[in-house]
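Coordinate inspection notes
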Amino acid sequence: MRKILIFFVIVFVNAQLLKPIPEHIEYNKQKALLGKKLFFDPRLSIDNTISCASCHNVFKGGDDNRQFSIGVHHQIDKPMNSPTVFNAVFNIAFFWNGRAPTLKAQAEEANQDLLEMGMNRELLEKKLNKISEYKKLFKKVYGVDYINYDLVFDAIAEFEKALITSNSKFDLYLKGKVKLNKKEKEGFMLFKRYGCITCHNGINFGGNSYQKIGVVVKVYKIPRGLDRFYVTHNPDDKYVYKVPTLRNIALTYPYFHDGSVKTLKKAVKLMAYYNLGIKLNNNEIDKIVAFLKTLTGKKPKILDEK
């Protein structure tokens, strides 16, 4: 009885923490627009083929909809699926195992990763300092005559900070501006009643904690990948990952840390089984998916700005 009571208290508290994505966020517009230009520039990679946008398509769901991204020299970037860059500013840390503490640190690591962009500090500075357009822009924004590696990723992080997707149907519901339809509302109730909200809560419906995949039922068939163990070296952190955001989840297929699950329906079914020990029926899955689709927000305003 005590465990049941604690469970409902946790669900109630987490439900109170749900907040709409803000319509505006403070950022430096000049830096962000420079960061936007850099974000889309494949010259930031060693072979001039891969930009940040290659793995994070901001005109779709902020990821690339591949199981594994394609990096420089046509390499497959295994073993982790690329998460969305949308609303990443609200996450507690970056990468599936949270090894990067800031947006800037995440972008720098991706830039230097041999499977992703394969670049290094010295070569990138050398390349960008030969481009007169960038020389002028960095002079204008940062007041410098030499383009420093740190400033490149300071600008990109500022752009990524602006990538928030406000005014989803659920946000408008929280603001009292629209009503959820019957199916969406029942899906939201199931989401809370079964305890999905225990991990997927806060402004981002995730991204604010670490959790083991397979809390109730062990996931023997899913490869571990780069889990939290690689950061903490604690054996208990095997199969532990940063809880992914559910914002725009209908757009960010495939799912799970290894991108092994192709559909949202299957992802809901498996997570309910692995982490809650519940076998959902098809009607319940449909309702929860209908609710999750209300989390698709509007595209960030900065994408239309020049």
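Quick look at the structure, then. (Residues numbered from 1 in each chain as written. Predicted model: local features only at pLDDT ≥ 70, side-chain atom pairs only at ≥ 80, totals over all residues. Heavy atoms only, no water.)

**Focus on the overall build of the protein**
What the protein contains, in helices and strands, is 12 helices and four strands. Over its C-alpha atoms, taken along the principal directions, the protein stretches across nearly 65 × 45 × 30 Å. Each of the 306 residues in the protein was classed as buried or not, and the buried ones make up 50%. Sequence separation of at least 24 residues holds for 70% of the intrachain contacts in the protein that already meet a minimum separation of 6. Carbon and sulfur atoms provide 57% of the accessible area of the protein, an area that totals close to 15,400 Å². One finds the centroid of the 50 positive side-chain charges in the protein at a distance of 7 Å from the centroid of its 30 negative side-chain charges. (Helix = DSSP H or I, 4+ residues; strand = E, 2+ residues; numbered from the N terminus. Buried < 20%, exposed > 50% of the residue type's maximum accessible area, 1.4 Å probe, protein only. Contact = heavy atoms within 4.5 Å. Areas by Shrake-Rupley, 256 points an atom, 1.4 Å probe, with all protein chains shown as cover. Lys, Arg positive; Asp, Glu negative; His and termini not counted. Charge placed at Lys NZ, Arg CZ, Asp CG, Glu CD.)

**Observations regarding the packing of aromatic side chains**
This structure, assessed with the given rule, holds 18 aromatic pairs. Ring centres of Phe170 and Tyr173 lie 5.6 Å apart, and the angle between their planes is 40°; this geometry places the pair in the tilted category. Within this pair, Phe170 and its partner Tyr173 are both found in helix α8 (residues 169-174), separated by three residues, close to a single helical turn. Take Tyr173: its relative accessible area is 26%, and that puts it in the partly exposed class. Clustering of aromatic rings is evident, with ring pairs tying together Phe170, Tyr173, Phe188, Phe191, Phe205 and Phe291. (Phe/Tyr/Trp six-rings, centres within 6.5 Å; stacked < 30°, edge-to-face > 60°.)

**Thoughts on the nonpolar core**
With 35 residues, the main nonpolar core has Phe170, Phe191, Phe205, Phe256 and Leu292 as its most contacted residues. Of all the secondary structure elements, the ones that give two or more residues to this core are α9 (182-193), α11 (264-276) and α12 (282-292). Counting residues per element, this core draws most heavily on α11, at six residues. Here Phe256 is in contact with Asn81, Trp96, Ile213, Ile222, Val261, Ala267, Leu270, Met271 and Tyr274, once residues within four sequence places are set aside. Residues Ala53, Val141, Tyr142 and Val152 belong to the second largest nonpolar core, which totals 34 residues. (Core = buried A, V, L, I, M, F, W, Y, C linked by side-chain atoms within 4.5 Å.)

**Side note on unusual backbone geometry**
With an omega of 5°, the peptide bond between Lys78 and Pro79 qualifies as cis. Counting through the fold element by element, Pro79 comes out in the loop between β2 (76-77) and α4 (103-112). Here Tyr253 and Pro254 are connected by a cis peptide whose omega angle stands at -5°. Looking at where Pro254 falls in the secondary structure, it is placed in the loop between β4 (240-242) and α11.

**A few points about the pattern of salt bridges**
Across all of its chains, the model carries 17 salt bridges by this definition. A salt bridge links Arg121 to Asp150, with the shortest nitrogen-to-oxygen separation between them at 3.5 Å. Of the two residues, Arg121 sits in helix α5 (residues 121-128) while Asp150 sits in helix α7 (residues 149-161), which places them 29 residues apart along the sequence. Overall, the relative accessible area of 30% leaves Asp150 in the partly exposed class. Lys169 serves as the salt-bridge partner of Glu184, at 2.8 Å between the closest nitrogen and oxygen. Taken together, the residues Glu184 in helix α9 and Lys169 in helix α8 connect sequence positions 15 residues apart. (Salt bridge = Lys/Arg side-chain N within 4 Å of Asp/Glu carboxyl O.)

**So, the environment of Asp63**
Mapping Asp63 onto the fold places it in the loop between α3 (52-55) and β1 (69-70). Residue Asp63 is classed as buried on the basis of its relative accessible area, which comes to 2%. In this structure, the C-alpha to C-alpha distance between Asp63 and Thr252, residues 189 residues apart in sequence, is 6.2 Å. The contact partners of Asp63, leaving out residues within four places of it in the chain, are Cys55, His56, Asn57, Ser82, Pro83, Thr84, Leu251, Thr252 and Tyr253.

**So, the packing of α4 against α7**
Taken N-terminus to C-terminus, the directions of α4 and α7 make an angle of 120°; their axes are 8 Å apart at the nearest point. In terms of orientation, α4 lies oblique with respect to α7. The handedness of the crossing between α4 and α7 comes out as right-handed. Counted together, Leu103, Lys104, Gln106, Ala107, Glu108, Asn111 and Gln112 of α4 and Tyr149, Asp150, Phe153, Asp154, Ile156, Ala157, Glu160 and Lys161 of α7 form the full contact between these two elements. The residue makeup of the contact of α4 with α7, split by class, is six nonpolar, three polar and six charged. (Axes fitted to C-alpha atoms, helices over the stretch in contact; angles between N-to-C directions. Parallel < 35°, antiparallel > 145°, perpendicular 65-115°, else oblique. Left-handed = near helix turned anticlockwise from the far one by under 90°. Nonpolar A, V, L, I, M, F, W, Y, C, P; charged D, E, K, R; others polar.)

**Details of the side chain of Asp227**
Here Asp227 shows up in the loop between β3 (210-212) and α10 (229-232). Relative accessible area serves as the criterion here: at 0%, Asp227 is assigned to the buried category. When neighbours within four sequence positions are excluded, Asp227 is seen to be in contact with Asn97, Asp237, Lys238, Tyr239, Val240 and Tyr241.

**Regarding the layout of surface pockets**
Estimated volume of the second largest pocket: approximately 160 Å³. Glu23, His24, Ala162, Ile164 and Lys301 are the residues nearest the centre of the second largest pocket, which is lined by 13 residues in total. Classifying every residue of the lining of the second largest pocket by side-chain character gives six nonpolar, three polar and four charged. (1 Å grid on protein atoms, 1.4 Å probe; cavity = no way out; pocket = protein on both sides within 12 Å on 5 of 7 lines; lining within 4 Å. Points joined across faces, edges and corners; volume = space filled by probe spheres on them.)

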